[in-house]
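Structural features, examined
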Amino acid sequence: MIPHAPADLGAALLESMVRIRKVEEAIAAHYPEQKMRCPVHLSIGQEAASAGVCAALRPDDLAMSGHRSHAHYLGKGGNLNAMIAEIYGKETGCCHGRGGSMHLVDLAAGFVGAVPIVGSTIPIATGLAFADRQLKRDRVTVAFLGEAATEEGVFHESVNFASLHKLPIVFVCENNLYSVYSPMSVRQPAHREVWQLAAGHGVTAHQGDGNDPLAVYELARASVAQARSGQGPVFLELKTYRWREHCGAGFDNHIGYRTEAEYQSWRERDPIATFERRLQAAGTFDAARFAQFNARLDAEIAQAFAEADHAPFPAATTLMNHVYAAS
Amino acid sequence: MNAATTRELSYAEAIREGFAVALERDPRVLLMGLGVPDPKGFFGTTLDLQKQFGPDRVMDMPCAEAGMSGVMLGAALNGLRPVINHQRLDFALLAMDPMCTQAAKWSYMFGGAMKMPVVFRMILGRGWGQGPQHSQCLHSWFAHIPGLKVVMPTTPHDAKGLLIAAIEDDNPVVFIEHRWLHHIKGPVPTGHYTTPIGPARLARAGSDVTIVAFSYMVLEALEAAEKLAREGIDAEVIDVRCLRPLETSLLMDSLRKTGRLVVADTGHSTAGMAAEIIALASESAFDSLKTAPRRVCFPECPTPTSPPLSAAYYPRSGHIVAAVRASLGQPANPADLALPAGVELDKPNPAFTGPF
Ligand SMILES: Cc1ncc(C[n+]2csc(CCOP(=O)(O)OP(=O)(O)O)c2C)c(N)n1
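All of the points below concern the structure found in this document. (Residues numbered from 1 in each chain as written. Chains lettered and ligands numbered in written order. Predicted model: local features only at pLDDT ≥ 70, side-chain atom pairs only at ≥ 80, totals over all residues. Heavy atoms only, no water.)

**Some thoughts on unusual backbone geometry**
Note the cut-off: Counting from the N terminus, the helices are the DSSP runs of H or I reaching at least four residues and the strands are the DSSP runs of E reaching at least two.
Cis rather than trans, the peptide bond between Arg244 of chain B and Pro245 of chain B has omega equal to -5 degrees. Here the residue pair Gly354 of chain B and Pro355 of chain B is connected by a cis peptide bond, since its omega of -5 degrees sits within 30 degrees of zero. Within the secondary structure layout, Pro355 of chain B lies in the segment after helix H14 (317-327). Backbone geometry at Lys166 of chain A places phi at a positive 50 degrees, although glycine is not the residue there. Here Lys166 of chain A shows up in the loop between helix H6 (153-164) and strand S5 (169-175).

**Observations regarding the sheet that holds strand S6 (residues 149-151) of chain B**
All names here are of chain B. Going by this rule: Only strands joined by at least two bridges in the DSSP assignment are considered to pair.
Here 7 strands make up an open sheet; going across it, the order is S3-S2-S4-S5-S7-S6-S12 and the pairing mixed. Both outer strands of the open sheet, strand S3 (58-59) and strand S12 (242-244), are each paired with one neighbouring strand and no more. In this sheet, strand S7 (residues 173-178) lies alongside S6 in parallel orientation, the contact comprising 3 bridges. The residue bridging Val150 from the neighbouring strand is Val174, located in S7.

**Observations regarding the side chain of Ser140 of chain B**
Residue and element names in this part refer to chain B. Selection criterion: Each residue is assigned to one of three classes by its accessible area relative to the maximum for its type, calculated with a 1.4 Å probe on protein chains only: buried under 20%, partly exposed between the two thresholds, exposed over 50%. In this description, contact between two residues means that some pair of their heavy atoms is separated by no more than 4.5 Å.
Among the structural elements, Ser140 can be located in helix H8 (residues 139-143). Residue classification places Ser140 among the buried positions, given a relative accessible area of 15%. For Ser140, the contacting residues outside a window of four places in its chain are Asp265, Ala271, Gly272 and Met273.

**Looking at the packing of aromatic side chains**
Worth spelling out the cut-off: Centre distance within 6.5 Å is the pairing criterion for rings of Phe, Tyr and Trp, where only the six-membered ring of Trp is used; planes under 30 degrees apart are then read as stacked, over 60 as edge-to-face, and the remainder as tilted. A positively charged side chain is recorded as over a ring if its NZ (Lys) or CZ (Arg) lies within 6 Å of the ring centre. The angle to the ring normal must also be within 35 degrees.
Counted by the stated rule, this structure contains 16 aromatic pairs over all chains. Here the aromatic rings of Phe298 of chain B and Tyr313 of chain B are separated by 5.2 Å at their centres, their planes lie at 50 degrees, and the arrangement is tilted. With a gap of 15 residues between them, Phe298 of chain B in strand S14 (residues 294-298) and Tyr313 of chain B in helix H13 (residues 307-313) connect regions that are remote in the sequence. Taken individually, Phe298 of chain B and Tyr313 of chain B each receive the classification buried, so the pair is uniform in this respect. Through a chain of ring-to-ring contacts, the aromatic side chains of Tyr178, Tyr181, Tyr241, Tyr257 and Trp266 of chain A assemble into a single cluster. Residue placement shows Lys90 of chain A over the ring face of Phe313 of chain A; its charged tip is 4.6 Å from the ring centre. The ring of Trp243 of chain A carries the charged tip of Arg267 of chain A above its face, separated from the ring centre by 4.0 Å.

**What to know about the nonpolar core**
For clarity, the threshold we go by: Put simply, buried Ala, Val, Leu, Ile, Met, Phe, Trp, Tyr and Cys residues joined by side-chain atoms within 4.5 Å make one nonpolar core.
Ranked by internal contacts, the top residues of the largest apolar core, which has 75 residues, are Leu14, Ile27, Val53, Met83 and Ile84 of chain A. Top contributing element to this core by residue count: helix H1 (residues 6-30) of chain A, with 10 residues. The next biggest cluster of nonpolar side chains, apart from the first, holds 63 residues, and it includes Leu34, Leu93, Ala143 and Cys297 of chain B.

**Focus on the sheet that holds strand S10 (residues 209-213) of chain B**
Residue and element names in this part refer to chain B. The cut-off we apply is this: Helix axes use the C-alpha atoms of the stretch in contact, all axes being lines fitted to C-alpha atoms, and the angles between their N-to-C directions lie in the range 0 to 180 degrees.
Spatially, the 5 strands line up as an open sheet ordered S9-S11-S10-S13-S14, and their pairing is mixed. If you trace the sheet from one side to the other, it starts and ends with strand S9 (201-204) and S14, each paired once. Across the sheet, the axes of successive neighbouring strands diverge by a mean angle of 25 degrees, strand direction being ignored. Of the strand pairs in this sheet, S10 and strand S11 (residues 235-239) are connected by 5 bridges, and their pairing is parallel. From the neighbouring strand, Val212 faces S11, where its bridge partner is Ile238. Strands S10, strand S13 (261-268) and S14 of the sheet are contacted by H14, whose axis makes an angle of about 160 degrees with S14.

Structural data, given as structure tokens:
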């Protein structure tokens, strides 16, 4: 977890982003081995959102997400080994192989679940916040979503309800401009910004640079404080960009739905390289700490993949387990 | 138009051609759906149609299944003939109200004052870890609703013919494709033709047992019939093709001949289409049945993602063979269910390597 000490914050944000990226790059590198037999949606390029938001949360705060959730799961402190094992379909996975990459859970870390039906966890996350409010717990819930989810009816129904009841929830929308291969222009009117949708429901709404982890952190800190204090929900639109293909490990610029120039302009705004340069310029980049962190991280990731690869698959005899909760 | 010539097309190509024919013939036809004009062309089924017919007739949409379905109902009432496309049946479930509570009732509840010519097209996912929320086979839900027509073509010929029939029908039609059919090739006539919505198709004639199957399971049933033929058992295979209206004459004729029934559905057994077929057979041909009918369906649990679990999940030709043996009173043969070496049950087609 990321400590809140400001002196440590920069390094912590950088490390959080690097961890997410390296894990996802390892997924991409191993994916062609055909051992991870499920769709994967990578967040490479979008790491600042998860790192910045999760740094502003307490460990007991809750989060939910959708199909592109590795970053959110890891940012919230989800168990890496259990995530990789899940993608490998193993019994040691966080869903015991029932879910795969699109279904992640780690209740110990407050990550209540991610599922791939677009928008479907937004009302559920709202319900988490509703229960906390009813039961007088001072916990905040974060609902991670993509901008396409704001097109679904449940988004509006949930934000309206959260606004009505001043629920302790922060809706974090990563606007990466595409829904699969469909650009904003075929889905939303020009000149209307996504954050304005939420503002229309009477909630505090902000737009921020989703590639700047510190800016995200500052926005998230204020939002979480507002939500926790009973002043109602906040919506954050974070502008960012997905580097790799919508689903899978490769790149998909060649199929022609986005321009190389657009892609390159976002690559230049790499949230990690930019932030590292910034820490260096500010004189707060601790090269020795970073080198040590990288070495630990590489070992941690290698270990997670090796364990997942060698872990047992669920036995076919357990097919019918968990259909109903054991009571 | 010249007499149609027939050539081999894949199921996906047949769908694409069906759309092109329908768009060409009737300016009121409209295709809408997430990714319909994108570079991947909806598993290749809508490739380049936007280039050919323009963005007003072949269009993407916001990620808003319920709202867009409702909007298209109004468009259908007011002169258009829309087709709403869903890459997974699971996404269509967000639109159950417009489909089942609105579209299905419209003609009846207004005493025939209006028509609702709309097609809800959806693809059943399967394989490569599609898992619990990307591979539900809930065709039976739609078949339960009076006022909807529900078709599930198996062959490229029927895919094109039923698609055009669905678009030309004045009622809401649910058109369901199984992902594992898209690469299958078969003879398809050029130009315009329709396959009538209602009658089943005789996929293979036989005299010892009737295997009734749905969608992709027809291919497994035909494979089962071949295996059985090697043992001297002559199976008849019926491709149901249309779930509602469900015409049973072919089934009843077959049962009167064979007296034995095995139903293979790509879905769960409880309250599903296989149960419906067996109920109809019991009501109408009870005297012809020599033994209890059997079902080959999904287990009563959601689809797991892990490869070995999904291998244990999906029934195959061997399960159908085993059910036929049981209906003939033969002892079980464990070899039926053995998985041949090298067979990968989570790939929708031989060329597939992921990711979705
Ligand atoms: C209800 C529903 N409709 C359609 C889909 C197919 N789908 C999967 S991901 C996706 C794009 C979502 O875009 P966005 O919310 O912006 O997230 P991003 O993928 O860009 O991170 C779509 C449409 C789905 N999973 N669920």
